[in-house]
Protein chains: 2
Amino acid sequence: MTAPSAPSAPLGVFDSGLGGLTVVRALRACCPAEDIVYLGDTARVPYGPRSPETIVRYALGCSRVLTRRGVKAIVVACNTVSAVALDMLRIELDLPVLGVILPGARAAVAASSGAPVGVLGTAGTISSGAYPRAIAALSTRTEIIGQPAPLLVSLAEEGWLDGEVPRLVARRYLEPVVQAGARTIVLGCTHFPLLREPIEAEATALAGRPLTIVDSASATADEVAAFLVERGLATARSERGKLHLMVTDRPRSFSDVAARFLGEPAEDVEVIDL
Amino acid sequence: MTAPSAPSAPLGVFDSGLGGLTVVRALRACCPAEDIVYLGDTARVPYGPRSPETIVRYALGCSRVLTRRGVKAIVVACNTVSAVALDMLRIELDLPVLGVILPGARAAVAASSGAPVGVLGTAGTISSGAYPRAIAALSTRTEIIGQPAPLLVSLAEEGWLDGEVPRLVARRYLEPVVQAGARTIVLGCTHFPLLREPIEAEATALAGRPLTIVDSASATADEVAAFLVERGLATARSERGKLHLMVTDRPRSFSDVAARFLGEPAEDVEVIDL
């Protein structure tokens, strides 16, 4: 095994399920030479509705699987876990841990110029208050409107990405957010980049002008790439990095859903026990 | 503890989450004097997308919690578990185990007079082929059209029970089913009784005449009540039975969702570890 702090070591990424593959997709666009080990805790997905204690316990379990694989840093590719468990993971683990909330918050503050920011996420992410806290730390004057949007998760998993249903669902969730004055919308769940089009279309229709959509998956990948370079942890290789996928259960619809999120075929999947 | 085979012992009911509370609701309408112990495995919900091996393992864990509580019979209030794990539970457990598939299948065959039957369910229930098998055993000439309908589960949990979105979602799932000639629709998931109205309305609109909707939760409660009487296991009490609720994790939205499914307030909930 490569020493965990070596630039040649893989990057560890985990999520409660397959949604985090949108972060992997962004990472592979942004730092394509990095090897990535991904763990999707598909046996216990979704974390969103679970208690904070349970989420912390599950997140530690996932992180330990990745550290045993010799990763150089861990990307928590899950808004719910980033919202609830990031501090605890940083205390418990002896390597860099990066979440998706702060990059999303930073991109939102940069885009909003002080106007209200709407955040769509799971019930867990929204009720944790993590986005308001992160944004308040960056800009005290920015108002945040949080909106739990669980049906968008189901639409992304079902692959209903365009047409009337996603637009109506997006509109219903966005209506109070846009009415409250939001001019920037954060996709605060790793599933939502797949629904960016209907969300953007409905937000624009409701506001009467284009709103800025912040994709926390891309924002995170950009920050991870910069972090690796700053810390001297970026790989020196130039060929395309390897991707190793692990899941805790292989759901029936795995290949379709994973490929949809990842944007490339999801092959050679290892099923592990947690 | 009361002897497990005593009529005064409680009835055990379990589900992967809270959907099975629609079966509890039907049981409390149908045999109101029975004490009921309910276990919702909310820490590991949903079972629908999981592998058969995992579902069997989880179902055995839930059943053992109930047998330790001295139940006289177990009602598997989950279509996915009934589809995948019922035989194994009957082999492993030393008490009567009743599922939701056969009662739903029986009611569908009785209603259909040989015309095709459509079944809406989770991906797990539909791909298991359990409804076609059960219906074929009752009537070899009845054609079955299975339709996975995962978004209906999310709508029921989110409480979007009427209006445009549930109707559009129901229509999209029902369209191929009605086009294939189904004249009876089985609500093959314990969440779906909450969406009976939009499902019935869209089925009628698509078919151009009222279709018969079979609710597997009610059909199951009727069969359980008859079974208890036949076996001399019905309680002799006449006052309203007690309801004890257990969950493996208390989700944030527990009270709202549970009360919606149960049709009465969900109080005194015990959180257990599995």
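This structure is a prediction, so every number in the text was calculated from the model and none was measured. (Residues numbered from 1 in each chain as written. Chains lettered and ligands numbered in written order. Predicted model: local features only at pLDDT ≥ 70, side-chain atom pairs only at ≥ 80, totals over all residues. Heavy atoms only, no water.)

Asker: Looking at this model, I keep getting lost on unusual backbone geometry. Mind explaining?
Answerer: Negative phi characterises most residues that are not glycine, and trans characterises most peptide bonds. Put simply, Val45 of chain A and Pro46 of chain A share a cis peptide bond, and its omega is -5 degrees. Despite not being glycine, Asp268 of chain A has its phi angle at roughly 50 degrees, a positive value. Locating Asp268 of chain A in the fold gives a position in the loop between α11 (254-262) and β10 (269-271). We classify Asp268 of chain A as exposed; its relative accessible area is 66%. If you check the backbone angles, Ser113 of chain B has positive phi at about 45 degrees while not being a glycine. Looking at the element boundaries, Ser113 of chain B is found in the loop between α4 (101-112) and β5 (117-121). (Helix = DSSP H or I, 4+ residues; strand = E, 2+ residues; numbered from the N terminus. Buried < 20%, exposed > 50% of the residue type's maximum accessible area, 1.4 Å probe, protein only.)

Asker: Would you mind showing me how to read the UniProt feature "binding site: substrate" (unreviewed entry) in chain A here?
Answerer: All names here are of chain A. According to UniProt, the feature "binding site: substrate" (unreviewed entry) maps to Asp15, Ser16, Tyr47, Gly48, Asn79, Thr80, Thr190 and His191 in the numbering used here. Their sequence span is 177 residues, while the largest C-alpha to C-alpha distance among them is just 13.2 Å; these annotated residues converge on one region. Along the chain, the position of Asp15 falls in strand β1 (residues 11-15). You can call Asp15 buried: its relative accessible area is 2%. The residues touching Asp15, leaving out its near neighbours within four places in the chain, are Gly20, Tyr38, Leu39, Gly40, Asp41, Ala77, Cys78 and Thr190. (UniProt positions renumbered as here; feature names shortened; annotations may be inferred. Contact = heavy atoms within 4.5 Å.)

Asker: Looking at this model, I keep getting lost on the packing of aromatic side chains. Mind explaining?
Answerer: Think of a pair of aromatic rings as described by two things: how far the centres are apart, and how the planes are tilted against each other in angle. Counted under the stated rule, the structure contains four aromatic pairs over all chains. Ring geometry for Tyr47 of chain B versus Tyr58 of chain B: centroids 5.3 Å apart, planes at 55 degrees, classification tilted. Of the two residues, Tyr47 of chain B is situated in the loop between β2 (36-40) and α2 (52-68) and Tyr58 of chain B in helix α2; the sequence distance between them amounts to 11 residues. Overall, the relative accessible area of 0% leaves Tyr47 of chain B in the buried class. Classification of Tyr58 of chain B by relative accessible area gives buried; the value is 5%. Positioned above the aromatic ring of Tyr58 of chain A, the side-chain terminus of Arg44 of chain A is 3.8 Å from the ring centre. (Phe/Tyr/Trp six-rings, centres within 6.5 Å; stacked < 30°, edge-to-face > 60°. Lys NZ or Arg CZ within 6 Å of the ring centre and 35° of its normal.)

Asker: In this structure, what is going on with the sheet that holds β5 of chain B? I would like to understand it.
Answerer: Note: strands within a sheet are paired through backbone hydrogen bonds, in either parallel or antiparallel orientation. Residues and elements named next belong to chain B. What the four strands build is an open sheet, ordered β6-β5-β7-β8; its pairing is parallel. Of all strands in the sheet, those with a lone pairing partner are β6 (144-148) and β8 (212-215), marking the two edges. Looking at each pair of strands side by side, their axes are set apart by 20 degrees on average, direction ignored. Bridge count between strand β7 (residues 184-187) and β8: four bridges; the pairing is parallel. Across the sheet, Ile185 pairs through a bridge with Ile213, a residue of β8. Of the strands in this sheet, β7 and β8 touch helix α10 (residues 216-230), which is tilted by about 55 degrees from β8. (Pairing = 2+ DSSP bridges. Axes fitted to C-alpha atoms, helices over the stretch in contact; angles between N-to-C directions.)

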